[in-house]
Amino acid sequence: MMDARQRILVVEDEANIASFVSVYLQKAGFDVGVARNGAEALAKAGTESPALIVLDLMLPDLDGIDVCRRIRQRSDVPILMLTARDDDVEKIIGLEVGADDYLTKPFNPRELVARVKSVLRRSTTRRRDPEVAALEFKALRIDSGRREVTVEGQEVQLAPKEFDLLWELLDHRGLVLTRDQLLERVWGYTFAGDTRTVDVHVGQLRRKLGEACPIVTVWGVGYKVATEPKAATASPSP
Ligand code: CA
């Protein structure tokens, strides 16, 4: 399946963490490079062409958020951010910073490996499989080939996971999807993960799309998009 060993760049100043993460990634078949500060990370992100970057938020020189932003200016390489529990996750995975996923410290290295694989899987299927299709819901149009979302013809910028989540729900119109199902389909986790991630992304979609957001909360279960657009001002049927 993997023709060449994919290279992962691990950016972490704490030598213990960098080394156990490297060991687990190597055991999983990856080639691993380590950067111990932000400057080194920016240099190696260019020279080593990693398939994915594991980036710690707390670095001695630059903030991990700055590193992520700077990498994003020139590359779409998937970035998995290591954060502390109280960091602003919405910002990290949102468009502003642009990480693909995050993991809260302390974490289980097996979970890290699982996340790395799922982020890679998603980014390669996306590239390999340009499904040209569009879904519409009232004023909302979502084009998967161009990865573009418009409301009444105006483009709305969504982060990659926000786009995927919106697509998944619209594509299963009428069905209720649980947070675990959404995590598995959109993020590729094969075990129950941090379902707060789903809520954070739904919140962002509602904020960005406003009235045009078709996602309905099904209390105690998950989320869905109604089969028929719910017309707020519709006259009652006879
Ligand atoms: Ca650190």
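A few points on the structure. None of the values given here were measured: they were computed from a predicted structure. (Residues numbered from 1 in each chain as written. Predicted model: local features only at pLDDT ≥ 70, side-chain atom pairs only at ≥ 80, totals over all residues. Heavy atoms only, no water.)

1. Examining the nonpolar core
Next up, step 1: The biggest cluster of nonpolar side chains holds 28 residues, and the ones touching the most others in it are Leu-166, Leu-209 and Ile-215.
Next up, step 2: Elements represented by at least two residues in this core include exactly β6 (134-137), β7 (140-143), β8 (148-151), α6 (160-171), α7 (179-187), α8 (196-209) and β12 (222-225).
Next up, step 3: Broken down by element, the residue count for this core peaks at six residues, all from α6.
Next up, step 4: Not counting residues within four places of it along the chain, the set of residues in contact with Leu-209 comprises Leu-140, Val-149, Val-151, Val-156 and Leu-166.
Next up, step 5: If you look at the next biggest cluster of nonpolar residues, it comprises 25 residues, including Ala-41, Val-67, Met-81 and Val-200. (Core = buried A, V, L, I, M, F, W, Y, C linked by side-chain atoms within 4.5 Å. Buried < 20%, exposed > 50% of the residue type's maximum accessible area, 1.4 Å probe, protein only. Helix = DSSP H or I, 4+ residues; strand = E, 2+ residues; numbered from the N terminus. Contact = heavy atoms within 4.5 Å.)

2. Some remarks on the coordination of the calcium ion
Next up, step 1: Protein-derived ligands of the calcium ion are Glu-12 (OE), Asp-13 (OD), Asp-56 (OD) and Met-58 (O), with the metal-ligand distances lying across 2.1 to 2.4 Å.
Next up, step 2: In the primary structure, the donors to the calcium ion are separated according to the pattern E-D-x42-D-x1-M.
Next up, step 3: Classification of Glu-12 as buried rests on a relative accessible area of 1%. (Donors = N, O, S within 2.8 Å, 3.2 Å for Na, K, Ca; no water.)

3. With respect to the sheet that holds β6
Next up, step 1: Taken together, four strands build an open sheet; the order of strands is β6-β7-β8-β9 and the sheet is antiparallel. Each edge of the open sheet carries a strand with a single partner, namely β6 and β9 (154-156). When the angles between neighbouring strand axes are averaged without regard to direction, this sheet yields 25°.
Next up, step 2: Of the pairings in the sheet, the one linking β6 to β7 comprises four bridges and is antiparallel in character. When the bridges of β7 are listed, Glu-136 appears paired with Arg-141.
Next up, step 3: Sitting on the sheet, α6 touches β6, β7 and β8, and the angle it makes with β7 is about 110°. (Pairing = 2+ DSSP bridges. Axes fitted to C-alpha atoms, helices over the stretch in contact; angles between N-to-C directions.)

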